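Spelled out, the chains give:
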Amino acid sequence: MGFAMRRSSGTPSARRSRLGRESGQAVVEFAMVVPILCVLVLVLVDFGKAMNYWLDLNHVASEVARKAAVNTFPTAGEYQSYALDKLETNELRAGGTDAIPAAANVAICLPEGGDVGDPVTVQVSVGYHWIPFIDHTDWQIRGTATMRLEQKALFSGVGTCA
């Protein structure tokens, strides 16, 4: 019984030649995937920021609608300043950044008369740039709340609600 000695392809010299042919493949694949992953992370972070602003605008609109329903302040301007003070970030209050160029707008809409049981709608909105380094139009992020008046309104509405 004779065994033939064969040289296997797994010898060190064969392995070195295979590695030499594929050495840059992983680097090229990584270089192709990294920009896509970076853009995906930026989009997700920006989307999270916009969702946080939307939640804040809805919360503030609800608080102001409740204050208006029980007739807390005598003028609509006081409701507007109360709403701006309640906003979570200075970016929403004052604007002037790449993402939010202008301050939030507060609209309080009352039907004619403002009698008990009539709806009062408060809308807080802001223009938002998705991914600030890309030039495009603003998106409107809007928080809205409607409640019934529990007392006759002593103030008049301000702004328009969409």
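One can find the structure itself at the top, above this paragraph.
Worth saying up front: this structure is predicted, and the values here are computed from it rather than measured.

What follows covers a nonpolar patch on the surface. On the surface, a cluster of nonpolar side chains totalling about 590 Å² of accessible area is made up of Val28, Met32, Val33, Leu37, Leu40 and Leu44. Locating Met32 in the fold gives a position in helix α2 (residues 25-69).

This paragraph deals with α2. The end-to-end C-alpha separation of α2 is 66 Å, in line with the 66 Å expected for 45 residues at 1.5 Å each. Along α2, the sharpest kink reaches roughly 25°, centred on Val33 and followed within four residues by the proline Pro35. Looking only at α2, the buried set comprises Asp46, Ala50, Tyr53, Asp56, Leu57, Val60, Ala61, Val64, Ala65, Ala68 and Ala69. On the buried face of α2, the contacting elements are α3 (76-86), α4 (90-94), β1 (105-109), β2 (119-128) and β3 (139-148).

Take the sheet that holds β3 next. Taking strand neighbours across the sheet as the criterion, the three strands line up as β1-β2-β3 in an open arrangement whose pairing is antiparallel. The open sheet terminates on both sides in strands that have one partner only, identified here as β1 and β3. Each adjacent strand pair in this sheet contributes to an overall mean axis angle of 15°, direction not counted. Direction of pairing for β2 relative to β3: antiparallel, over a ladder of ten bridges.

So, how was this worked out
Residues numbered from 1 in each chain as written. Predicted model: local features only at pLDDT ≥ 70, side-chain atom pairs only at ≥ 80, totals over all residues. Heavy atoms only, no water. Patch = residues over 30% accessible without salt bridge, like charges linked within 9 Å, V, L, I, M, F, W, Y side chains within 5 Å. Areas by Shrake-Rupley, 256 points an atom, 1.4 Å probe, with all protein chains shown as cover. Salt bridge = Lys/Arg side-chain N within 4 Å of Asp/Glu carboxyl O. Helix = DSSP H or I, 4+ residues; strand = E, 2+ residues; numbered from the N terminus. Expected span 1.5 Å × (residues − 1). Bend = angle between axes of the 7 residues up to and from the residue. Buried < 20%, exposed > 50% of the residue type's maximum accessible area, 1.4 Å probe, protein only. Contact = heavy atoms within 4.5 Å. Pairing = 2+ DSSP bridges. Axes fitted to C-alpha atoms, helices over the stretch in contact; angles between N-to-C directions.

Taken by themselves, the reported measurements are silent on function.
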